[in-house]
Amino acid sequence: MSHQRYPSIDPKEPHSVSLKVLRPSLVVQHPLPTPVSLPTASAHNYQEPPIPASLAYHTNGDTNPDPFLLAPILQLPPSFGSAYVGETFSCTLCANHDVPLPGELPPAAAGVSASGNLAPTSPANPPTKRKFTRDVRIEAEMKTPGSSAALKLPLLGANGVVVEHPDSNNNNDNGAAKGHNHAKGGMDLEPGDTLQRIVNFDLKEEGNHVLAVTVSYYEATETSGRTRTFRKLYQFICKGSLIVRTKVGALLPPPPLPSESDDLLEEKKKGGERKGKGRDRRRWVMEAQLENCSEDVMQLSRVGLDLEPGLRYQDCNWEVVGSGGGRPVLHPGEVEQCCFVVEEDLGPNKAKLEVDEDGRIVFGVLGIGWRSEMGNKGFLSTGKLGTRIVK
Amino acid sequence: MSFANVFRSIASRPRSATKGPLDVDEAPVASPIPSQASRFSSSQQASPRTSLSRGLSPASRSSAPSIAPVTSKDFSFLLRPEIYHQLSPLSIPPPFRHPSRQPAPETPIPDLLNHGHFRSAAIAAVQALTSSPVSALSAAAHPPVSPTDHVRIFELLYTRLVCLCLIDATSLAAQESKALEDLNSAFYLDPLTGAHLVPWELRVLGVRLQAIGFGDPRRAVMSYYELAREARVEIAKAGKAHDHSTSELWKHRLAELGVKVAGALVEMDDLAGAAEHLATLGDGNQPFKVGGDGRLAMSRALLWLHLGDVEAARLCVSDGKGGEMGERIVDALADMADGEYKTALEKWQELKSTMEENGVHDEMIGVNLAVCQLYTGNMTEARDSLEGLVDEGSASHTLLFNLTTMYELCTDRHKNLKLRLAERVASKQPTPLGWEKTNADFKL
């Protein structure tokens, strides 16, 4: 995360929201044979296991594919990483009822560690005064570069259940059905407890995004209470992942072969109903260059057209070429060239191809799906593609 | 002849066998490549490498044979103190630095290794190599090495480099490995027998470290192929001599080199190339295997997952190719890659109970289960799972890293929690699994 700002409404006491992006990665290991000086090592015992400490994890089973570099154990992401258009931004938000660890308190106060709160116990606070943190709620909004207003985001709670839905926010009675929970999905936090929520957001625009997280709770003592709120802003830049360039050209029918032309004449004589099927159908070649402009390796999983009525297309890419190539893998900066043949679909019940007043035929959109490290999914589609009819 | 006929005749031609340099040639025919050993020894007489001979003085060369009957070579260029880096104790958390927990300076290196004191072992190895013991006691434990005692020099050097890798100081190891210069040089061959004086393990490790040290990852792939060529020559030789165990040893080494090439390609970020390469490594009809059944299948599946192709990963272990456990593990990982954390969580839980019924304790299952718990919004359970693994004695970097990441998520006071965790791990009994941890393990 490039920036963290803390324009807390109540800046006197620090609060806690933590943020992490979600996508673990496989761990790399370098299995090493035992040093020669270890008594167990012998030159001819080739089944000697590697030094256990050189493996990514400990097991007495047989799950580690050593001597291979990758191990099946998963590590949480070390940093936020980069956010790309077409991918899903995921992170976990945590509101914590922080308390000092038993050892941190001066001996006199050690017995009342429960006196802590979302804010640390200040010396001015008499340690005997119990405070409770009730009805803690997290809300998240995303401000995208193109929109003027921030978008309220749905939040997932334990077991992936949607707990905070933008639509349900205004009716107070909505959450009341949830028994022990307070209205609107608030939760009481005992000292040391954490309220965790998960945000998923499909990134569609390049540029500055701001995730605004609001935490509110009711701070209660034995005799009184108050509602407190704080807000944290997380700014990050979403970068482009793919550059798509397209080109459309008319596909002219090949000149008829001498042997064929006779047949064609025959056919034409037989009747006009088959006329549209062969040569009168208009066809175009659509080429697309897909350039990986991210910093990650990506594997294209699906590249296809979503066409307007009255059109159909043939894919001329890796799927028809056969199993030889497999799905293309694009390293940063690499380009994949794709090709489609678009043609009129002139069946009896098919819609007629529409040509707008500028003499332009709109084909539809090109959709590109990809996967990157550990299955991270990405998908984007182009704007409407088409061609001008040359008269 | 029509086109169709031409095609049919091409298609019906049996595919010719493709054997690469990483395959074993089963026919005991002499390799077209002249024996590596004779080639090396002849070239050595012809042109001794000047770069390597700078440590040799003519005097030491002439006097050496009387001291060491095995070889007259002087390896004092590997004993120069300036090669070796100082290891700062500041990179380890305070609980591990406590004098009562650190081994005594006179502890022999094998004991240090057996108790996971890899940093101390790395230091002791260098004290012996550079004849710079810190005290009389450690001098007795790690006696200085003679410049012509190549067996002990390489043993110490291997220990040093391995231990640096184990304490997360691979970049230092890479710098130090440069002192070995060209390990394929004829200088490293026994002038009488032509045998390579450097142990195989050190040569293999040297490939990766030198590739890092010289900043040329491609060099690793090339150097592994060089070693593979030698292994094939040795297999042929052993086959001719009907020396079955030697032949098996070299076949195993060759198979390992094949997997290491794939690893080197992954480290070069050539994932597609690595996948292609792994696909060519045979595990069915070859007379040798690396590890048990399905390890190659598992390796392939993990590589596809790393690349993001979940379907290809599942295919690699389907139909029993990866063994029952391998298939179930890849299945659960693939669910996670698809974002199906809830389904994956159930699968990890089932795997865990199956394994426990069979008396298997697997840290990976526990860690991945906890990652799923975090991703399904159950961080408290996730943290408890990982704490449980630490209590059971597991302490891999990944486990500690994930747990400390969760500390960061669930409190602002994570520094204290991390130090506490370090204290808990430091109080464990030292084992060969490694005892001393670094600050990076605890994100300190």
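Provided above is the structure to which this section pertains.
Residues numbered from 1 in each chain as written. Chains lettered and ligands numbered in written order. Predicted model: local features only at pLDDT ≥ 70, side-chain atom pairs only at ≥ 80, totals over all residues. Heavy atoms only, no water.

Considering the sheet that holds strand S18 (residues 311-315) of chain A
Residue and element names in this part refer to chain A.
- Strand order in the open sheet formed by 4 strands is S15-S16-S20-S18, with antiparallel pairing between adjacent strands. At either end of the open sheet lies a strand with only one pairing partner, and these are strand S15 (242-250) and S18. Sheet twist, expressed as the mean angle between neighbouring strand axes with direction ignored, is 25 degrees.
- Here 9 bridges tie S15 to strand S16 (residues 283-292), and the two strands are oriented antiparallel to one another. What sits directly across from leucine 242, in S16, is asparagine 292. (Pairing = 2+ DSSP bridges. Helix = DSSP H or I, 4+ residues; strand = E, 2+ residues; numbered from the N terminus. Axes fitted to C-alpha atoms, helices over the stretch in contact; angles between N-to-C directions.)

Let's talk about the interface of chain A and chain B
- Chain A puts 79 residues into the contact, and the matching count from chain B is 89 residues.
- Taken over both partners, the interface formed by chain A and chain B buries close to 7,200 Å², and the fraction arising from carbon and sulfur atoms is 60%.
- Joining chain A to chain B, the criterion identifies 5 salt bridges.
- The interface formed by chain A and chain B includes 25 residue pairs in polar contact (both at pLDDT 80 or more).
- Of all elements in the fold, only strand S2 (17-21), strand S3 (25-28), strand S4 (70-75), strand S6 (88-96) and strand S12 (194-202) of chain A reach the threshold of two or more residues within the side of chain A that touches chain B.
- Of the residues forming the side of chain A that touches chain B, the biggest block, 6 residues, is contributed by S4(A). (Contact = heavy atoms within 4.5 Å. Buried area = accessible area lost by both parts, 1.4 Å probe. Salt bridge = Lys/Arg side-chain N within 4 Å of Asp/Glu carboxyl O. Polar contact = N/O pair within 3.5 Å; in protein donor to acceptor, adjacent residues only side chain to side chain.)

Some points on the pattern of salt bridges
- Here the structure, examined in full by the defined rule, presents 39 salt bridges over all chains.
- Of the charged contacts, one joins Glu219(A) and Arg226(A) as a salt bridge, the two residues approaching to 2.9 Å between their closest N and O atoms.
- Residue classification places Glu219(A) among the buried residues on the basis of a relative accessible area of 5%.
- Residue Arg226(A) is classed as partly exposed on the basis of its relative accessible area of 38%.
- Linking Glu230(B) and Arg203(B) is a salt bridge whose minimum nitrogen-to-oxygen distance equals 2.5 Å. Within this pair, whereas Glu230(B) is found in helix H11 (residues 217-240), its partner Arg203(B) is found in helix H10 (residues 200-213), the two being separated by 27 residues in sequence. Of the two residues examined, Glu230(B) and Arg203(B), each falls in the buried class.
- The network of salt bridges with shared partners includes Arg371(A), Arg314(B), Asp331(B), Asp335(B), Asp338(B) and Lys347(B). (Buried < 20%, exposed > 50% of the residue type's maximum accessible area, 1.4 Å probe, protein only.)

All quantities given are derived from atomic positions and should not be read as evidence of function.
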